[in-house]
Amino acid sequence: MKEVELLVNKVAVYDEVAKETSYESVKMLPSDESAYERIFTTDEDRELLERYWVETCNAVTGEMKRYLKSVSEQPISRGIDLSKNYQLRLEVPSSFDDRLVGSIETGLHSVFVSSILSRWYEIVDKQEDATKHAKRSEEYLRSVKGKVWYKMRPRRVAP
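These numbers come from a predicted model, not from an experiment.

### Here's the deal with the overall build of the protein chain
Working step 1: The helix and strand tally for the protein chain stands at five helices and three strands.
Working step 2: Along the chain direction, N to C, the helices and strands of the protein chain fall in the order β-α-α-α-β-β-α-α.
Working step 3: C-alpha extents for the protein chain along the principal axes are approximately 75 × 30 × 20 Å.
Working step 4: Within the protein chain, buried positions represent 41% of all 159 residues.
Working step 5: The contacts in the protein chain between residues at least 6 apart in sequence include a share of 73% that link residues at least 24 apart.
Working step 6: Approximately 9400 Å² of the protein chain is accessible, and the part contributed by carbon and sulfur atoms is 49%.
Working step 7: Distance from the positive charge centre (26 side chains) to the negative charge centre (28 side chains) of the protein chain: 11 Å.

### Some details on helix α1 (residues 10–27)
Working step 1: Along its 18 residues, α1 runs 26 Å from first to last C-alpha, staying within 8% of the 26 Å computed at 1.5 Å per residue.
Working step 2: Within α1, burial applies to K10, V13, Y14, V17, A18, T21, S22, E24 and S25. Taken down its axis, α1 places every buried residue within 170° of arc, on the same side. In α1, the exposed positions that point more than 90 degrees away from the buried face belong to K19, Y23 and K27.
Working step 3: Lining the buried residues of α1 we find β1 (2–8), α2 (35–39), α3 (46–63), α4 (101–123) and α5 (127–149).
Working step 4: For α1, the N-terminal cap is N9; the gap from its side-chain oxygen to the backbone nitrogen of V11 is 3.0 Å.

### Concerning the packing of α4 against α5
Working step 1: Following both chains from N to C, one finds α4 and α5 inclined at 160°, their axes separated by 8 Å at the closest point. Relative to α5, the element α4 lies roughly antiparallel. Seen along the crossing, α4 lies across α5 with a hand that is left-handed. Where α4 approaches α5, its residues S103, I104, G107, L108, S110, V111, S114, S115, L117, S118, Y121 and E122 are matched on the opposing element by Q127, D129, A130, H133, A134, R136, S137, Y140, L141, V144, K147 and V148.

### Focus: the side chain of K126
Working step 1: Tracing the sequence through the fold places K126 in the loop between α4 and α5.
Working step 2: Residues within four places of K126 in sequence aside, it is in contact with E24, M28, I39 and Y121.

Cut-offs used in this document
- Residues numbered from 1 in each chain as written.
- Predicted model: local features only at pLDDT ≥ 70, side-chain atom pairs only at ≥ 80, totals over all residues.
- Heavy atoms only, no water.
- Helix = DSSP H or I, 4+ residues; strand = E, 2+ residues; numbered from the N terminus.
- Buried < 20%, exposed > 50% of the residue type's maximum accessible area, 1.4 Å probe, protein only.
- Contact = heavy atoms within 4.5 Å.
- Areas by Shrake-Rupley, 256 points an atom, 1.4 Å probe, with all protein chains shown as cover.
- Lys, Arg positive; Asp, Glu negative; His and termini not counted.
- Charge placed at Lys NZ, Arg CZ, Asp CG, Glu CD.
- Expected span 1.5 Å × (residues − 1).
- Arc of directions from axis to C-beta.
- Polar contact = N/O pair within 3.5 Å; in protein donor to acceptor, adjacent residues only side chain to side chain.
- Axes fitted to C-alpha atoms, helices over the stretch in contact; angles between N-to-C directions.
- Parallel < 35°, antiparallel > 145°, perpendicular 65-115°, else oblique.
- Left-handed = near helix turned anticlockwise from the far one by under 90°.

What is shown is where atoms sit, not what they do.
Written out as structure tokens, the structure is:
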């Protein structure tokens, strides 16, 4: 067995959520004058997003429990701690392909962004987008799990 460390950067996730909500709301102008104020996530919204972050951490931890060695604590707090990234340490078989670590981290980033967006879009009454992002989050997580569970085939060494 060997250990693999994975990291999801909270600031990068929140920045991506802000970019996407900004882009989505600007696309709705001028037909919907209130779109930007209603949809774009501001710094004041981060306390609510923090709860969605913790819920996503818990969901990912549950899905990775088969190989979980340790995980960073993500308590729900009254404030926002942007330094509390999500870190996983997995104990994987020796045949795990180390080249997949970067792809797994990218996939986890996408899981977090889509999961948070799906919950946010439910609040701002964009049900179609909420459903779309919830499905995307599930697809990304399925892909991540497939990469974690992937094992390289043994190689024969010629004598």
